[in-house]
Structure formats: structure tokens, C-alpha cells
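# A structural walkthrough
So you can see what is in the structure, the chains are spelled out below.
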Amino acid sequence: MSPPVAPPGWSRWLVPPAALSVHLSIGQAYAWSVFKPPLESALGLSGTQSALPFQLGIVMLGLSAAFGGTLVERNGPRWAMTVALICFSSGFLLSALGASLEQYWLIVLGYGFVGGIGLGIGYISPVSTLIKWFPDRPGMATGIAIMGFGGGALIASPWSAQMLESFGGDSSGIALAFLVHGLSYAVFMLLGVLLVRVPRTEKPVKSGPSVLAGPQVSAKQALRTPQFWLLWIVLCMNVTAGIGILEKAAPMITDFFADTSTPVSVTAAAGFVALLSAANMAGRIGWSSTSDLIGRKNIYRVYLGVGAAMYALIALFGDSSKPLFVLCALVILSFYGAGFATVPAYLKDLFGTYQVGAIHGRLLTAWSTAGVLGPLIVNWIADRQEEAGRHGASLYGLSFVIMIGLLAVGFVANELVRPVDPRHHVPAPKEAAHAERQQSESA
């Protein structure tokens, strides 16, 4: 499938909606927790077992983005969005079959493995194209699209809950909800497939230097630079700190104020989760757009440095003030989402646009690592503290100290980022094309 080239007069502002149609769909992953209680009840699963499809999905997101990044660059955004549509929707259909037959392994295979491939390919599908359309504002452009992934749960969570209430929480009701998801998301993602276009030339649509001006580094060569691995650490640390709160948000706020005169109700805890999703989404567009003004390194100083300060405030004073706890958590989650949205522009600054999509895909293995590491730190320590007879906010004190340390590691890694050595650059457009052909033949 050849990349669709924009006709003369095509508005670049039609490309972000195409990206959003995909990202809002695959952002359903953040609403998986809605299916956990009915699955546990209908199929007799433990909490750890019911989390497996989500965990596998995040792991496959990073792996498929890493291994499929070069294919996305080579075949273009329409091919990538089509693959994402097929895999993501098929994952739901397989899950529907698994729920209907009460075969949980089919749900893990469908949602986690097959659907996870759709997550990864869909996530990186518009990145390179958006940067080429918006060379003047790359942070804003990628932020608009990746905002959809953070906001997908705001749509999927109440929608899924309503379907389970209407269809029932037994295996047949879950199967029907999965079926509706699979078919509906296929239609919605198809809008992006049909709408997306690539620029006619590599020249930007606004006045300014060529998109290919400045250093250009291939994906293969990027892996040999310290800059790539420093950014891998930066992203991994930032995501670990954010997902540590996100994955356990409702029980965490309940535990923090359980021993106070104003405990948090189940409804209020659910509202807290919705607020975190909104902060996650808003941070992706707000902070990433700010990075266009103050620079990528400076904005990551904010994410990592201020994020560590927010964790310290929660650890020291969080159980004495609900507004303080909520405010700090919202800031941390806004940085969590913003880190995802800003990193493609950071990569573009360092490595150019030549194969930025493929480089971005490889970097997302940091997300796979953090998706396991963050929940593991928070849950394992909380379990050990509970076994030791502790309760309330004391369940999380040690894990918050660890998160502060991880953010400090990320801060140092960001400080060490320097421009890429010229020996890693692709020397000229003709030679870049020759190098790309060689890479294609060896792949």
C-alpha cells in the first residue's frame, strides 16, 4: 500500500483528526479496569489474572512499535493505520469469542497479544507524518494526536460500563460488549485510514528551512548513539513514576484517607480516576506545545524535577490534605502524558525527520519496561507493608521515595543529552536514499 500523497491545496489540519481517530480508539486500553471486576466474577479470576491482558498489551505495544517502526516509515501512515485497525479490532473479536466460550486464554491472546500489536503500530502510525506536516510546531502536532491516547478512556470507560450494565456482567454480556467494541472501533479507525495523507514534497508547508535540514540519523545508527539510550532512560523513568499512580489510583486515594474523619467513597475514588485521565490528556497537548516555546530539554527538566517535588509533597503531607493530594497527582499525571507527546519532537530535534518514526518505535520499549516496573513497585511494596501490619498512607511511603529516586535518575540522564556526533549523520539526501534502500534490502 503506497503512502497517499496530498493533492494541491490539501489542508494539513485534516491530518491531526485522522491521527486522533486512531489514538482515541486505541486509548481504550486505559479503560481496561472496567472489565476487571466482571471478568473476575464471571470466570473466577484473581486480580493478577484479570490484569494480564492489559499488561501483555502494553508489552506488545512497545515490542511491535520497536520491530514495526521501520515498516511504518517505509510503507507510510495509511498502511500502518490499516494494520492497527485489523489487529486492534480482531483482538476484541477474539476476546468476544473467548468470553462467550469462557476461555480466558483467548481473551489474553486477543486483547493482549493481537490487540497489543494494533496498539503499537497504531500509536506510532501518524508521528512521522505529523512532524513532516508541522515542522514549525512538532510538539503541538504530535501532542494533538497522542492526546487522543490519553483521552480514549474518557470515552471508553463510561461507554463500556453502560454496555456491561445493559448486557449484563456475565460471560455472554462481556462477550457482547467486546463484540460491539471491535466493530465500532473498526469503523471509527477507518476514518483515519481514508483521511490521512503525506506531504507532496519534503518541504514544509510554512516558510522556513527544509524538513530535512540539519542532522539526519537513520534508525539503525540512532541505536549506536548515547543520546538514544539517555532518552530511553528519561522516558522509562517518567512513565514509571506516572503509571505507578495511574494503575492504582482508586485504592490509593481510598487508603490515604481511610483513617481520617473524611474517608473517600467509591464514587469519589472513581471521580478521582476520571480527573487523572483528564490531566493525562490535557498534559499531552498543553505541555508538549509549551516545549515548542522553551525547548525539549527544558520541558523535561520540568517533568522530572517538578514531578519529584510533587511525589515528595504527597509522601510528606498528602494524607493531611485531600486538595494537596489530588493536585499533586494531577500534575504528575499531566507530566506522564506530556512525556509521551513531547518525546517524538525531542527525537526529531536530535535525529532529524529521516526515520524519526522508526526511532520512536524503538524508544517505546521503554514504555514496555515501565508498564511492568511501575505497577510492580507500588503493588509489591504495598502488599509487603500490609503484611507487616501497616495501613493507610504508610503503605505507599517507600514506593514514593523510590519514584523520587527514579525521577532523579531521569533528570540526570536528560542533563547528559547533547547533539548527536556528526559521524552518525546521513551525509546527503541521495546517500540517505541509498542507505535506506540498503537497509530495506537487508531487512
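Residues numbered from 1 in each chain as written. Predicted model: local features only at pLDDT ≥ 70, side-chain atom pairs only at ≥ 80, totals over all residues. Heavy atoms only, no water.

- With an unreviewed UniProt entry as reference, the chain is termed OFA family MFS transporter, source organism Streptomyces massasporeus.
- What UniProt records for the chain under Subcellular location (unreviewed entry) is the sentence "Cell membrane". (UniProt positions renumbered as here; feature names shortened; annotations may be inferred.)

### Quick word on the environment of Thr-225
- Tracing the sequence through the fold places Thr-225 in the loop between helix H9 (219-222) and helix H10 (226-246).
- As a C-alpha pair, Thr-225 and Val-420 span 195 residues in sequence and 7.2 Å in three-dimensional space.
- Not counting chain neighbours up to four residues away, the residues in contact with Thr-225 comprise Phe-351, Val-420 and His-424.
- For Thr-225, the side chain forms a polar contact with the main-chain nitrogen of Phe-228, separated by 3.3 Å. (Helix = DSSP H or I, 4+ residues; strand = E, 2+ residues; numbered from the N terminus. Contact = heavy atoms within 4.5 Å. Polar contact = N/O pair within 3.5 Å; in protein donor to acceptor, adjacent residues only side chain to side chain.)

### Re the packing of aromatic side chains
- Considering all chains together, one arrives at 30 aromatic pairs under this definition.
- Centre to centre, the rings of Tyr-123 and Trp-367 are 5.1 Å apart; their planes meet at 65°, and the pair counts as edge-to-face. Placement of the pair is Tyr-123 in helix H5 (residues 104-124) and Trp-367 in helix H16 (residues 365-387), with a sequence separation of 244 residues. Across the pair, Trp-367 and Tyr-123 agree in class, each one buried.
- One aromatic cluster is present, formed by Trp-32, Phe-35, Phe-88, Phe-92, Tyr-111, Trp-159, Phe-178 and Tyr-185 through successive ring pairs.
- Over the ring of Trp-10 we find Arg-197, and its NZ or CZ is 4.6 Å from the ring centre. (Phe/Tyr/Trp six-rings, centres within 6.5 Å; stacked < 30°, edge-to-face > 60°. Buried < 20%, exposed > 50% of the residue type's maximum accessible area, 1.4 Å probe, protein only. Lys NZ or Arg CZ within 6 Å of the ring centre and 35° of its normal.)

### A few points about helix H1 (residues 15-26)
- Helix length check: H1 (twelve residues) gives 17 Å between terminal C-alpha atoms against 16 Å at 1.5 Å per residue, within 8%.
- With ten of its twelve residues buried, H1 lies for the most part within the structure.
- Buried residues of H1: Val-15, Pro-16, Ala-18, Ala-19, Leu-20, Ser-21, Val-22, His-23, Ser-25 and Ile-26, and no others.
- Where H1 is buried, its residues meet helix H4 (77-101), H5, helix H6 (127-133), helix H7 (138-167) and helix H8 (171-195). (Expected span 1.5 Å × (residues − 1).)

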